[in-house]
Amino acid sequence: MSQMCAELWALRMGIRLAIHRGWKHLHLVGDNLGALCQLLKLRAGVGFQSQQVIFKKVSYLLSRSGLQVWVFWVPTHLMPADPISRYLEVFGGSLHKASTEARKILAALKANRHE
């Protein structure tokens, strides 16, 4: 699986979780601008069949759920999921330290949203 497919798959899983929990609105934050742009179009580039399969699934989910999705790009250092994905090498295997850092980043993003 390519990195782009992995990013798109993660976005799809976020959408599925929001639908499962009964949310009506979802704000997706990502640092991969290419993946976010493709998600907005729900279309992959020519020759990327595995990505297109993911988009078909996302389209199906959204068309039947009524979920409204807002997509936001942030630089990598402001990506809330980044500390969790690097907890072994950056935080010495401490998931607690990584999740604490992720919460700080998310709080900063929320605070800046209201400025």
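Every value quoted in this text rests on a predicted model; they were computed, and no experiment measured them.

### Brief notes about the overall build of the protein chain
Alright, step 1. Summing up its helical and strand segments, the protein chain has 6 helices and 2 strands in all.
Alright, step 2. Scanning the protein chain from its N terminus toward the C terminus, one meets helices and strands in the order α-β-α-α-β-α-α-α.
Alright, step 3. Viewed in the frame of its principal axes, the protein chain has a C-alpha envelope of about 40 × 30 × 25 Å.
Alright, step 4. Across the 115 residues of the protein chain, 29% fall into the buried class.
Alright, step 5. Pairs at least 24 apart in sequence give 66% of the contacts found in the protein chain among residues at least 6 apart.
Alright, step 6. When the accessible surface of the protein chain is summed, it comes to about 7,700 Å², and 59% of that surface belongs to carbon and sulfur atoms.
Alright, step 7. The positive charge centre, built from 15 side chains, and the negative charge centre, built from 6, are 14 Å apart in the protein chain.

### Description of the environment of S65
Alright, step 1. You can see S65 is positioned in helix 3 (residues 49–65).
Alright, step 2. Accessibility expressed as a relative area gives 25% for S65, which makes it partly exposed.
Alright, step 3. S65 sits 49 residues away from R16 along the chain, and the two C-alpha atoms are 9.7 Å apart.

### Here we look at the nonpolar core
Alright, step 1. Counting residues in each nonpolar core, the largest one holds 16 residues, and the members touching the most others are L8, L11, I15, L26, L28 and L39.
Alright, step 2. When residues of this core are traced back to their parent elements, those giving at least two are helix 1 (3–20), strand 1 (25–30), helix 2 (33–41) and helix 3.
Alright, step 3. Setting aside anything within four residues of it in sequence, one finds L11 in contact with L28, L36 and L39.

### Thoughts on the side chain of D82
Alright, step 1. Position of D82 relative to the elements: it lies in helix 4 (residues 82–85).
Alright, step 2. A distance of 2.5 Å separates a polar atom in the side chain of D82 from a polar atom in the side chain of R86.

### Side note on the pattern of salt bridges
Alright, step 1. Within this structure, the stated rule accounts for 1 salt bridge.
Alright, step 2. Between D82 and R86 there is a salt bridge whose closest N-O contact spans 2.5 Å.
Alright, step 3. Judged by relative accessible area, D82 falls into the buried class, the value being 17%.

How each quantity is defined
- Residues numbered from 1 in each chain as written.
- Predicted model: local features only at pLDDT ≥ 70, side-chain atom pairs only at ≥ 80, totals over all residues.
- Heavy atoms only, no water.
- Helix = DSSP H or I, 4+ residues; strand = E, 2+ residues; numbered from the N terminus.
- Buried < 20%, exposed > 50% of the residue type's maximum accessible area, 1.4 Å probe, protein only.
- Contact = heavy atoms within 4.5 Å.
- Areas by Shrake-Rupley, 256 points an atom, 1.4 Å probe, with all protein chains shown as cover.
- Lys, Arg positive; Asp, Glu negative; His and termini not counted.
- Charge placed at Lys NZ, Arg CZ, Asp CG, Glu CD.
- Core = buried A, V, L, I, M, F, W, Y, C linked by side-chain atoms within 4.5 Å.
- Polar contact = N/O pair within 3.5 Å; in protein donor to acceptor, adjacent residues only side chain to side chain.
- Salt bridge = Lys/Arg side-chain N within 4 Å of Asp/Glu carboxyl O.

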